[in-house]
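Letter by letter, the chains look like this.
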Amino acid sequence: MENKRNTKPDPAMAPLIPASIETGSGRKHSLWRKFVAQRHLQTMALLGVVWMIIFNYIPIYGLIISFKEYNIVKSIAEAPWVGLQHFRELFEDDELPNVIRNTLGISLIKLIIGFPLPIIFALFLNEVRSLRYKKAIQTISYLPHFLSWVVLGGILATWLADVGIVNNILMALHIIDQPITYLAEPSYFWTIIISSDIWKELGWSAIIYLAAIAGVSPEMYEAATIDGAGRFQKMWFVTLPSVRGTISILFILAVSGVLSSNFDQILVLRNSLNDSASNVIDYYIYQTGIVSNRFSYSAAVTLVKAVIALILLLIANQVSKKINDTSLF
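Residues numbered from 1 in each chain as written. Predicted model: local features only at pLDDT ≥ 70, side-chain atom pairs only at ≥ 80, totals over all residues. Heavy atoms only, no water.

### So, the overall build of the protein chain
And then number 1: Counting its regular elements, the protein chain contains 17 helices and zero strands.
And then number 2: Here the C-alpha atoms of the protein chain give a radius of gyration of 27 Å, more than 25% beyond the 20 Å that 2.2 N^0.38 yields for 329 residues.
And then number 3: Each of the three principal axes of the protein chain carries a C-alpha extent, and together these read 110 × 70 × 35 Å.
And then number 4: The burial tally for the protein chain puts 33% of its 329 residues in the buried class.
And then number 5: Restricting to contacts in the protein chain with at least 6 residues of sequence separation, those with at least 24 account for 62%.
And then number 6: In the form shown here, the protein chain has an accessible surface area of approximately 21300 Å², with 67% of it arising from carbon and sulfur atoms.
And then number 7: Positive and negative charge centroids in the protein chain, built from 26 and 23 side chains respectively, lie 14 Å apart. (Helix = DSSP H or I, 4+ residues; strand = E, 2+ residues; numbered from the N terminus. Rg over C-alpha atoms; globule rule 2.2 N^0.38 Å. Buried < 20%, exposed > 50% of the residue type's maximum accessible area, 1.4 Å probe, protein only. Contact = heavy atoms within 4.5 Å. Areas by Shrake-Rupley, 256 points an atom, 1.4 Å probe, with all protein chains shown as cover. Lys, Arg positive; Asp, Glu negative; His and termini not counted. Charge placed at Lys NZ, Arg CZ, Asp CG, Glu CD.)

Dropping the structure here:
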């Protein structure tokens, strides 16, 4: 009589068994065990998901007012449909070209100048050997990030006033003869906005690059040293290629946010005298929606802005995937 074949898998062969043949109940138990083992991290992640659903996904329903004539007296459902009327008004608005010019001008210059600076700062900060100096530089560079634009706006307004420290220094150096009220001059507004934003966020933006650089294997630097590479050569041929993926992902996100100006900064530093240079899309939405009570029109502008941002994200993601095989999805 033949012996019955043992149908149970050999424990020694368990690692060789494909995960695809695992039963559904087994997968569920495996996922549950992973969740329990990582319950603290999973709880933090779930709280973030709940926050995103409440503040990012549920409000999407409100975008339908861009196709309606919404009034705060009535509910969204009761508002009458007007089709594409608000979108036609948007593209016929005489102010739109100036708004687009200001938004793209400020955002593109920030992208061209402000994006590489934290990378350069992180590369040079990583080369500082003294831990004391490194911590001091990090603390000084991070500090402006934790100050709100209300505070920094007041500081800048004081510095840039006609009797402020900037005018005093420039006049003392005989660079200018008469004091200049910088925030009242549209020609200076872009420079003030871009330079102050870089000053505030430079150190904070470099944190993620420093974290990525910290993950570079020391063996790669040792091999470069043996080959005779200097510090700059190590930065160019070892550090930068190692953090290329991080740079690509952040660049994709930066490109998708080209139409998003720093609203807090603009609101604090703008005034009626520099309106021709400070009227960007975010302020335009605030002005038409909140100040003028044109909620449906401002929702239409927001929807157009979101669609363009999505298109820019997809284009940047596809370009990054083709150039260096790194993408968000």
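Read on for the rest.
### Observations regarding helix α3 (residues 85-92)
And then number 1: All of the buried residues in α3 are H86, F87 and L90. Seen end-on, α3 carries its buried residues on one side only, within an arc spanning 100°.
And then number 2: Residues of α3 that are buried sit in contact with α4 (96-114), α16 (281-291) and α17 (295-324). (Arc of directions from axis to C-beta.)

### A closer look at the pattern of salt bridges
And then number 1: A complete count under the given rule lists seven salt bridges for this structure.
And then number 2: Across the salt bridge formed by K305 and D282, the nearest N and O atoms sit 2.5 Å from each other. Of this pair, K305 sits in helix α17 while D282 sits in helix α16, and the two are 23 residues apart along the sequence. Accessibility assignment for this pair places K305 and D282 in one class, buried.
And then number 3: A cluster of three or more residues bridged by salt bridges with shared partners is formed by E127, R129 and R231. (Salt bridge = Lys/Arg side-chain N within 4 Å of Asp/Glu carboxyl O.)

### Structural notes on a nonpolar patch on the surface
And then number 1: On the surface, a cluster of nonpolar side chains totalling about 1000 Å² of accessible area is made up of V49, V50, W51, M52, I53, I54, F55, Y57, I58 and I60.
And then number 2: Position of Y57 among the secondary structure elements: in helix α2 (residues 39-57). (Patch = residues over 30% accessible without salt bridge, like charges linked within 9 Å, V, L, I, M, F, W, Y side chains within 5 Å.)

### Brief notes about the packing of helix α9 (residues 186-205) against helix α10 (residues 207-214)
And then number 1: Packing of α9 against α10 brings their axes to within 5 Å, and their N-to-C directions diverge by 25°. Regarding the angle of α9 to α10, the classification is roughly parallel. Of the residues in α10, those touching α9 at G203, W204 and S205 are I207, I208 and Y209.
And then number 2: A per-class count over the contact of α9 with α10 returns four nonpolar, two polar and no charged. (Axes fitted to C-alpha atoms, helices over the stretch in contact; angles between N-to-C directions. Parallel < 35°, antiparallel > 145°, perpendicular 65-115°, else oblique. Nonpolar A, V, L, I, M, F, W, Y, C, P; charged D, E, K, R; others polar.)

### What about the nonpolar core?
And then number 1: Membership of the largest hydrophobic core comes to 24 residues, with the highest contact counts inside it found for F115, I119, A122, Y209, I213 and I247.
And then number 2: The set of elements that each furnish at least two residues to this core consists of α5 (116-126), α10, α11 (218-226), α12 (231-242), α13 (244-256) and α17.
And then number 3: No other element matches the five residues that α5 contributes to this core.
And then number 4: In terms of nonpolar packing, the next biggest core, distinct from the first, is built from 19 residues, I192, I198, V280 and Y283 among them. (Core = buried A, V, L, I, M, F, W, Y, C linked by side-chain atoms within 4.5 Å.)

### Observations regarding the environment of G83
And then number 1: Structurally, G83 is set in the loop between α2 and α3.
And then number 2: When the C-alpha atoms of G83 and E69 are compared, they prove to be 9.3 Å apart, with 14 residues separating the residues in sequence.
And then number 3: Setting aside residues up to four positions removed in sequence, G83 forms contacts with S66 and F67.

### Points about unusual backbone geometry
And then number 1: Positioned with a positive phi, H174 is a non-glycine residue whose angle comes to about 60°.
And then number 2: With respect to the element layout, H174 can be found in the loop between α8 (165-172) and α9.

### Quick word on α13
Structurally, the α-helix is built with 3.6 residues per turn, so residues lying three or four positions apart point the same way.
And then number 1: In this model α13 runs 19 Å from its N-terminal to its C-terminal C-alpha over 13 residues, within 8% of the 18 Å that 1.5 Å per residue would give.
And then number 2: Inspection of α13 places I247, S248, I252, V255 and S256 among the buried residues, and these make up the whole buried set. Projected onto a plane normal to the axis of α13, the buried residues spread over an arc of 165° and lie on a single side.
And then number 3: Buried residues belonging to α13 abut α4, α5, α10, α12 and α17. (Expected span 1.5 Å × (residues − 1).)

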